[in-house]
Amino acid sequence: MRTATDPAGVATELAAVPPRERVALVDPRFVGHGHALRLALTDPRFPAAAVPGALTAQPEARAALTRAVTAAAAAPGAAGQAERTPAPAGAAATAAGQLATVGSAEETDTGEAAEARTPSLVDDIAAALDTEGVPPHRPELGVLVATVPADEERRTAALARTAAVDEERVRLRSAVKARDGFFTTFCVSPYSRYIARWCARRGLTPNQVTTASLLTALIAAGCAATGTRPGFVAAGVLLIASFVLDCTDGQLARYSLQYSTLGAWLDATFDRAKEYAYYAGLALGAANAGGGHGGDDVWALALGAMVLQTCRHVVDFSFNEANHDATGNSSPTAALSDRLNSVGWTVWVRRMIVLPIGERWAMIAVLTALTTPRITFCVLLIGCALAACYTTAGRVLRSLTRKARRTDRAARALADLADSGPLAELVAKAAARSSRGYLAPAAAALGAALLVAGAAALPYGSWLAVAGAALYGVLAGCAVAAPLKGPLDWLVPPLFRAAEYGTVLILAARSQMNGALPAAFGLVAAVAYHHYDTVYRIRGGTGAPPHGLVRVIGGHEGRILVVTAIAALLHGRSQGGPNQGFTIALTALAVVIALTVLIESIRFWVSSGAPAVHDETGEPA
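Residues numbered from 1 in each chain as written. Predicted model: local features only at pLDDT ≥ 70, side-chain atom pairs only at ≥ 80, totals over all residues. Heavy atoms only, no water.

**Notes on the nonpolar core**
- Of all hydrophobic cores here, the largest spans 111 residues; its most connected members are Tyr279, Leu303, Phe377, Phe496, Phe521, Leu523 and Phe582.
- Examining the composition of this core, we find that 15 residues originate from one element, helix α22 (residues 516-539), more than from any other.
- What Phe521 contacts, discounting residues up to four positions off in sequence, is Tyr276, Tyr279, Ala280, Trp299, Ala302, Leu303 and Met306.
- Core analysis: the next-biggest nonpolar cluster, separate from the first, contains 23 residues, Val10, Val23, Ala48 and Ala64 among them. (Core = buried A, V, L, I, M, F, W, Y, C linked by side-chain atoms within 4.5 Å. Buried < 20%, exposed > 50% of the residue type's maximum accessible area, 1.4 Å probe, protein only. Helix = DSSP H or I, 4+ residues; strand = E, 2+ residues; numbered from the N terminus. Contact = heavy atoms within 4.5 Å.)

Below you can see the structure in the form of structure tokens.
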């Protein structure tokens, strides 16, 4: 901790701190809750953050902070001398990096009417950061107190307000997301927040809890794979335990403000890995039921559930990205939705209808324990299909009735989510256009329909299916030939995902080769990981994966062309007897794609350029 008495002293102390360190400025007369300081000074997600009387800057904001302090030092009438009062112990304990303490602050208070103002160097510097292009994040404090009293009377009053608030209760409440599903809100969060506090007090990190959740889910999948009733019961119990830990890791991160790039990657990918590994466990369990004799083959259902769930997520991601920063973004449908949200019971009904992760995992766990894998998958598919119809129809209505103007950033995000390969890019360049009507989703829908229909209706292994895949690539290129700024252009990425995943599923099912469906499951899982990785990079503001990676793995249209060509090439060779060529080829393709995308993904997410993403918007589907 360093103490300064004037702006020039602050500038001097800042210059003495290595530029790669985070710094914090705290007024020595600060009065408030320790968690208010913690929110301002220790959250790693923002380049700069501030509350009244306290300010922090990450290394990327240090240059702007130095300019702001220099300007404050040169300004006439700058906040002047302050008594050399040590900063509060809570400030020193929670500030990351070095702590520069400066004096003289304005009298201001969160949640209270503004009082008489005095010159404030810390708050003047925070305001100056706005003009430097690095606006500090100002956390919502609610009932928490953060103020710098101008005199002893106000200091006594501020201390009384601070003592009147149960800080720990506020901290526990803020550890829970504001918007979660019914099951999570009422059946998990009431006690998982205390598990999070228990973990924090024992020095456990969110990443450790996330890993424990993954291991628990993998054990649950292993229990389901036994194919026995005790195994299914244990699997259901462990799946719920895994979900409790999944809630706990996020609550622990919010409770202790332990956000990290590695945590962002783990949180973004492990949920899908857990759920899809559990699907595989159920499929293996169905096959192993009855000691492996006369087992039930539900791999097609397992793959169908993964395809449907992934497509649901892509609909969510694409719609949100398309409207992330749109202007004039309103519609009668959205207004009706807002009115429904004002009626308490409709909020919970609507959240449950979309079958978010809490409700979905609870349903899967109960059905696993009490029924069979086939029944579990059938109910899951029906529920997810109804949820997908509900959410997609609502978003289509919103898009058709709103007059939003979408930005270049939104168009770029949708183009990245499209995952176009060399063939589609070549066609897009040749068919460059400026129209923003409904041509893009129409071309994508026509291509997807022709591709899936051909895979299902044409004789298995037909070269006409390969021609259909080539035509699909041409139509995919036409769909992305212009910037995706149309009202329904957000449908393009999910249509591409449905076409690619659905075709792989159909071809594997129709091949009637042993192991083809499990191999297809692995292939779709590897490709889906790449698509989820793309989503979370975009949401973190760092853009899509390197374009070279997309080219190497072929893009969606390239992979479809390869899979249909493999089916045609190897089908003729299997006519004389059993042949596992298609299965082997799918397995090899899955391994190559998985290794390629995982290596690049791990390299990115452990690099210094990866964002500390953390989802605060509510429970995902």
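Following the structure, the description resumes.
**What to know about the side chain of His35**
- Assignment of secondary structure puts His35 in helix α2 (residues 34-41).
- Polar side-chain contacts of His35 include one of 2.9 Å to the side chain of Arg38.
- Excluding anything up to four places from it in sequence, His35 contacts Leu144, Glu167, Arg171, Ser174 and Tyr255. (Polar contact = N/O pair within 3.5 Å; in protein donor to acceptor, adjacent residues only side chain to side chain.)

**What to know about the pattern of salt bridges**
- The final tally for this structure, using the stated rule, is 22 salt bridges.
- In this structure, the salt-bridge partner of Asp43 is Arg45, at a minimum N-O distance of 2.7 Å.
- Asp43 gets classed as buried once you look at its relative accessible area, which sits at 4%.
- For Arg45, a relative accessible area of 25% puts it in the partly exposed group.
- Here Arg395 and Asp316 are joined by a salt bridge, their closest N and O atoms 2.4 Å apart. (Salt bridge = Lys/Arg side-chain N within 4 Å of Asp/Glu carboxyl O.)

**Brief notes about the pairing of strand β4 (residues 48-51)**
- Neither face of β4 is exposed, since Ala48 and Ala50 on one face and Ala49 and Val51 on the opposite face are all buried.
- The sheet contact formed by β4 and strand β5 (residues 54-57) spans four bridges and is antiparallel. Residue pairing for β5: Ala50 is matched across the bridge by Leu55.
- Counting the residues in the hairpin turn of β4 and β5 gives two residues, including Gly53, whose phi is positive at 90°. (Pairing = 2+ DSSP bridges.)

**Here we look at the environment of Tyr536**
- On the secondary structure map, Tyr536 appears in helix α22.
- By relative accessible area, which is 14% here, Tyr536 ends up buried.
- Sequence-wise, Tyr536 and Thr269 are 267 residues apart; in three dimensions their C-alpha atoms are separated by 9.2 Å.

**What to know about a nonpolar patch on the surface**
- A contiguous nonpolar surface patch, about 300 Å² in accessible area, is contributed by Leu262, Leu598, Ile602 and Val606.
- Looking at Leu598, the relative accessible area reads 34%, which means it is partly exposed. (Patch = residues over 30% accessible without salt bridge, like charges linked within 9 Å, V, L, I, M, F, W, Y side chains within 5 Å. Areas by Shrake-Rupley, 256 points an atom, 1.4 Å probe, with all protein chains shown as cover.)

**So, unusual backbone geometry**
- In this structure, Leu257 takes a positive phi of about 55° despite not being glycine.
- The buried category is assigned to Leu257, whose relative accessible area is 7%.
- Of note in this structure, Leu355 is not a glycine but carries a positive phi near 50°.
- Here Leu355 is to be found in the loop between α14 (344-353) and α15 (357-370).

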